[in-house]
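# Secondary and tertiary structure notes
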Amino acid sequence: MPRICVILLMSSILGPIGCQQDAEPSPEVREISTPVEVVETPPLDESLTNYFRLIESGATGPARVRIRQWLDEFPTDSRGLFLMGLSHHQDKHYARAVSWLKEAIAAKPVYPPAWHFLGWTQYYLGQPDEARAAFLWHIGLDPEEGDSHFALGLLDLDEWRLNDAESRFRTAMSLQESIPGRAKGVSKAAARLSEVIEYRDQDVDRAIELLKQSVRLYPDHYEAWYRLWQLLDRQHQFEDAERARLAFVAARDRVRPGSGFPE
Amino acid sequence: MKKWLVMILVGLSSCAEPPPEAPPRVSFVDVTGNSGIQFTSTSGQLPSSEILEVNGGGLALFDADNDGDPDLFVANGATLQSPRSGSGSRLYRNDSQPGRIQFTDVTESSGIRLYRWAMGAAAGDYDGDGLIDLHVTCWGPNALLRNLGNGQFEEVTVTAGIDDDAWSTSSAFGDVDGDGDLDLYVVNYLEFDPANLPRPASYKGQRVMAGPHGLTAQADRLWINQGDGTFRDAVESGHLESIEPAYGLNAIILDFDGDGRQDVLVGNDSMANDLYVHAEAPGEVLRLRNDGRTSGLAANMDGAEQATMGMAICDVDADGRPDLFTTNFSADTNTLHRSAPSGQWLDRTRQYGLGLRSRPWLGWTTAFLDVDHDGDEDLIILNGHVYPNATPDTMDAEYEQPPQVLIREGDRFNPLKPHQADTWLGIPRRDRAGALGDLDGDGDFDLVTAELNGPIRVIENRTGHSRQYRSMVIHLRDDRFGVSNRTALGSRIRSLDPPGPVRWLHSGGPFQSASDAAVHLSIPVDIQSWPVEVTWPDGDVTQHVITPAPRITIEHGTGTAP
């Protein structure tokens, strides 16, 4: 039996055995399910690269038409299945994305990006246990991917395991600091690390420093500007708080995030 | 031995040791069938096609006939074809006996003739005659129903000076100006004309009903009680510079900033929430300012403005200050704001486990309640999507969604798993409004719910009381000269020994509804005389020693100064 299947079997056994309580599996159990081989992501060929560019540009509908044609020809091609899932993820249709990403993984269980985006889709669906499992698979296959460490940090934060969250965010920062174009990733991790520092250490000044670092790296990070405004205000640094407030409004106007509500 | 096998064995062995006392099994039983309430509410038609249809009607549990138990008012809507004339709201008299919840429809004899599209209800004795009156929010003119006694009501909206043609969703009573009588905050939503329907909108690529964005928001109204049966608009009177138009859904009147004066918190739909606090010096004329943004209550921790359908108050961190929980849209999280000594409100949703797992749910009514009688407050949430075409495939969420009970365990609120035999918990519905009250006088809160275009349900709390805690429901009574806020809306009750549990008694909150003006508390069963401290709405503090019983009324004059 391939090692990956053994690991999957082990994690499925561990669930039902025990106290029959609703307690979540411990972090230790989760780590068991992490494979250790580092796997290269297979390169996309030219057609698939074009479809990826379409998704990236927001033309997800046209992308899906082309990917569908590709899948008619190569129905079990994990890259095509992954891109179909990615297109739904881009549209924030997470339930749809999950089924395609699972198909991509079924076709090729060691396909790192599929695990990564499966993690995010399940995160946005409010399924933290499934999301954690997917991210752990991903960093098992690609331990250097900072964004999955960041996601695991968010999950730790949500479960209020602050030391684990700190460790994940610091890893995410260090892995991405030296990579060109990943300043946004470092910025996001720094902003969330500030939450840990504020909650656990009650060190508001250090949290403010991390938020300043976050918005220096990525000035469009409006959520970090908002938190910076609130913390500065709490520290009675009213002039700086007002500057952060204005920067928050400006960044939000630049980014124009979807409200998440009907438009 | 393999590490995972050790873990399994350890886990199995720990199962063999029973806990000292198992917590009581939480049990909410749908007893509608034998309750005397067989009523299906109207709010347009199913499937809903316009925003006017999706909120449904609210509920009020209040003592309409002054006999000591909560009666039920049901705000009922109408249809888009006949929006100003529906089948009418209802009043039910509580005739329950211990062990049996029973209501009787007394609408006809009550004099309530309310056939307009009613949305919500708030209860309070605005005229200080000792009888609890009712304010009903409507699409179109609202209604102030004065309680005449003997279970009779008359509409006095116009003579009270609070007629308003806006679409009002919720309202709340409270003594905002501190003069001893109840003022009224009316939450307005948006302009909607059934004869001129707006164009549909889009959500997640699906065609959906229009609004609220794209439709014209309406400004709320704060009505100051003049003490003579009439009210004056606070903005026109100069007490407030302005109230900006917003898609308002909910309000709570309470002392949010701890200055001893009653403030107003307003939950707005996908817009910043408002918090009106006192800006005047003591003794000066009432002057309010909006501190929503600076307080941190306007948005969640990332600055995102949320839908804020339901609002509930609890002292989650046992610091004596109120904390706020709000329910929100699907694909967003519910939010818990903790109040800090600095006056700021800090989003601590994650700390209490209320964030990520709430993303599939679209929440409405919410309330804190010590469901399992262990001394701390748990959480009830009613859910249901607004869009009939919501499915996991189209919107990552179901249209009909189950109610939730989240049990407080340490710092976390963990969802209670329904049992197969449950008749309420875990069953997907289109729930909207809900109100709490001790319907059968057994010392705990039961629940009444309103499903959109569905039945009004009576849900009896049959959770067994533990051997360690005694459960009781407490009302307040303030008959001081010059005070007409008899039920003491806006009060705070604190246990002195054992030190800890704090509860607030306030108007507004659940969603377009009013729970009975009472608090539920569980205290250790060995306590025979229980010292509590009451902070009354005007800031006056009294201490009382009470003998535990299922129903208790604390009267202002019976206390001592601290």
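Residues numbered from 1 in each chain as written. Chains lettered and ligands numbered in written order. Predicted model: local features only at pLDDT ≥ 70, side-chain atom pairs only at ≥ 80, totals over all residues. Heavy atoms only, no water.

Pairing between the strands of a sheet comes from backbone hydrogen bonds, and it takes one of two forms, parallel or antiparallel. All names here are of chain B. Taken in spatial order, the four strands line up as 10-11-14-15 in an open sheet, and their pairing is antiparallel. The outermost strands of the open sheet, each flanked by one partner alone, are strand 10 (168–174) and strand 15 (231–233). Strand-to-strand twist of the sheet, defined as the mean angle between neighbouring strand axes without regard to direction, takes the value 25 degrees. Here three bridges tie strand 11 (residues 183–188) to strand 14 (residues 221–225), and the two strands are oriented antiparallel to one another. Opposite Leu184, over in strand 14, you have Trp223 as the bridge partner. (Pairing = 2+ DSSP bridges. Helix = DSSP H or I, 4+ residues; strand = E, 2+ residues; numbered from the N terminus. Axes fitted to C-alpha atoms, helices over the stretch in contact; angles between N-to-C directions.)

We now examine the pattern of salt bridges. Residue and element names in this part refer to chain B. Applying the stated criterion across every chain, the model contains 56 salt bridges over all chains. The salt bridge partner of Asp291 is Arg289, with a shortest N-O separation of 2.9 Å. Asp291 sits in the buried class, given a relative accessible area of 17%. Classification of Arg289 as partly exposed rests on a relative accessible area of 40%. For the salt bridge of Asp479 with Arg486, the shortest nitrogen-to-oxygen distance reads 3.9 Å. Here Asp479 falls in the partly exposed class, since its relative accessible area comes to 47%. (Salt bridge = Lys/Arg side-chain N within 4 Å of Asp/Glu carboxyl O. Buried < 20%, exposed > 50% of the residue type's maximum accessible area, 1.4 Å probe, protein only.)

Moving on to the nonpolar core. All names here are of chain B. Among the nonpolar cores identified, the biggest contains 32 residues, and Ile51, Leu52, Trp167, Leu190, Phe192 and Tyr387 are the most heavily contacted of them. Looking at this core, the elements with two or more residues in it are strand 6 (117–124) and strand 12 (201–203). Discounting chain neighbours no more than four positions away, the residues touching Leu190 are Ile51, Trp167, Pro212, Leu215, Thr216, Ala217, Gln218 and Tyr247. Of all hydrophobic cores here, the second largest spans 31 residues; its members include Trp223, Ala488, Ile493 and Ile554. (Core = buried A, V, L, I, M, F, W, Y, C linked by side-chain atoms within 4.5 Å. Contact = heavy atoms within 4.5 Å.)

Looking along a regular strand, one sees the side chains alternate between the two faces of the sheet. All names here are of chain B. Burial of strand 4 (residues 90–94) is extensive: four of the five residues sit out of reach of the surface. Note: strand 3 (residues 71–74) against strand 4, three bridges, orientation antiparallel. Considered in strand 4, the bridge of Val74 is made with Arg90. With three bridges joining them, strand 4 and strand 5 (residues 103–105) adopt antiparallel strand pairing. Bridge assignment links Tyr92 to a residue of strand 5, and that residue is Asp105.

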